[in-house]
Amino acid sequence: MNNLPLSDYDFPFPEDLVAVSAAQPRDSAKLMVVERASGRRQHHLFRDLPELLEEGDCVVVNKTKVLACRLIGRKATGGKTDLLLVKEVEPALWATLGSGLKAGGALEFPGGLSARVEGLNEAGEYAVRFSTADMHGYFEAHGLAPLPPYIAKKRPPRESDRARYQTVYAQQHGSIAAPTAGLHFTPTLLDALSRKGVALASLTLHVGRGTFRPITASDATNHEMLPEWYCLDSAQARTVARARAGGKRVVSVGTTTTRALETLASRPEGFGPGEGWTSLYIKPGRPFGLVSALITNFHLPKSTPLLLASAFLGREELLAAYQEAFRLRYRLYSFGDAMLIL
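What comes next concerns the included structure.

Conventions used here
- Residues numbered from 1 in each chain as written.
- Predicted model: local features only at pLDDT ≥ 70, side-chain atom pairs only at ≥ 80, totals over all residues.
- Heavy atoms only, no water.
- Helix = DSSP H or I, 4+ residues; strand = E, 2+ residues; numbered from the N terminus.
- Rg over C-alpha atoms; globule rule 2.2 N^0.38 Å.
- Contact = heavy atoms within 4.5 Å.
- Core = buried A, V, L, I, M, F, W, Y, C linked by side-chain atoms within 4.5 Å.
- Buried < 20%, exposed > 50% of the residue type's maximum accessible area, 1.4 Å probe, protein only.
- Axes fitted to C-alpha atoms, helices over the stretch in contact; angles between N-to-C directions.
- Parallel < 35°, antiparallel > 145°, perpendicular 65-115°, else oblique.
- Left-handed = near helix turned anticlockwise from the far one by under 90°.
- Phe/Tyr/Trp six-rings, centres within 6.5 Å; stacked < 30°, edge-to-face > 60°.
- Lys NZ or Arg CZ within 6 Å of the ring centre and 35° of its normal.

## Focus on the overall build of the protein chain
When helices and strands are counted, the protein chain shows 10 helices and 17 strands. In terms of overall size, the protein chain behaves like a compact globule, its C-alpha atoms giving a radius of gyration of 20 Å where 342 residues would be expected to give roughly 20 Å. The principal-axis extents of the C-alpha atoms in the protein chain amount to approximately 60 × 45 × 45 Å. A sequence separation of at least 24 residues applies to 71% of the contacts in the protein chain between residues at least 6 apart.

## Some words on the nonpolar core
Tyr165 and Met339 are the most contacted members of the largest nonpolar core, which totals 63 residues. If you tally residues by element for this core, the top one is helix α9 (residues 304-313), at seven residues.

## As for the packing of α9 against helix α10 (residues 315-327)
Angle between the axes and distance between the axes are the two parameters that describe a pair of packed helices. Between α9 and α10, the shortest axis-to-axis distance is 7 Å and the interhelical angle comes to 115°. Relative to α10, α9 is oriented roughly perpendicular. Crossing angle aside, the handedness with which α9 passes α10 is right-handed. The residues of α10 that touch α9, namely those facing Leu306, Ala309, Ser310 and Leu313, are Arg315, Glu317, Leu318 and Tyr322.

## Side note on the packing of aromatic side chains
The full count for this structure, using the stated rule, is 13 aromatic pairs. The interplanar angle of 85° and the centroid separation of 5.1 Å between the aromatic rings of phenylalanine 46 and phenylalanine 185 together place this pair among those described as edge-to-face. Separated by 139 residues along the polypeptide, phenylalanine 46 in the loop between β2 (41-45) and α1 (49-52) and phenylalanine 185 in the loop between β11 (172-175) and α5 (187-196) bring together distant segments of the chain. Taking 5.6 Å as the distance between ring centres and 70° as the angle between the ring planes, the aromatic pair formed by tyrosine 150 and tyrosine 333 counts as edge-to-face. Of this pair, tyrosine 150 sits in helix α3 (residues 149-152) while tyrosine 333 sits in the loop between α10 and β17 (338-341), and the two are 183 residues apart along the sequence. An aromatic cluster is built from Phe11, Phe298, Tyr322, Phe326 and Tyr330, whose rings are joined through pairwise contacts. Directly above the ring of phenylalanine 312 sits arginine 36, whose terminal nitrogen or CZ lies 3.9 Å from the centroid. Over the aromatic face of tyrosine 9 sits the side chain of arginine 315, whose NZ or CZ is 5.9 Å from the ring centroid.

Any functional reading would require information beyond the geometric quantities listed.
Quick look at the structure:
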């Protein structure tokens, strides 16, 4: 296998272009359209998507719902604690990300919730035992949207984040980060796609640490994805298969949707419904078996979503598109603008 120097996927970017809030309305975000065959780039708004797709194409979205799993509280010593709850180990016991915690330390949170730190695991996660097993109920009442650290460090959390860091079609709770390419859709836009004759299919991939954990190996081929749960039911699989059989495009909304679709397409029995855990790491050199168009945001350097987009478009072409986006003042990352690769 060829080496993939991580340094090849690093680049400077204008810090002032990092979006700290979502576009309003959602579909007013910019949309760069890149044609793989010709290399041509065009510039649109996201609401123009129906004009860019064809009757019979199938848009596939990730209907996972983000947990309000960021908790801000106090240590027994009086200092602030800021936790991201990433995985329920057992009732009341969660693996969390945070800093400055010590085994045995007591924590207090709004609404009368208390917790105790039990230790640190090899993955750098703290085991924290809470005073209630109903943490999902607590999230609904008191939790904060788990915004990426580069946003959280720039501004305090807002009540509006709980809605804006969520797709309009989210249904199944389970993610600790949003499938951000889908944040640009509105009910009106979805209706417009339907009227155009574009099919809509949905699956679930619960976004965990696997999606946003940074690549640290100098050779990116040595990175390992953490497993994330996915599910595609029979009716939705038939919708995707119908477009494919008709020679139409399977348009994947986001890297998480892409990883689920390509996991299902790579099985010995071929594409179809299924569920399970995927650790699929899509990087340059890996062919795509199902996805023929990709909607994605502008990603952080040295990240697995960036490598997936590079695998789909090509590294040089993608980085050239990024440079054009910087010049034209596209907004970057989770709350930023979008790209459609055809």
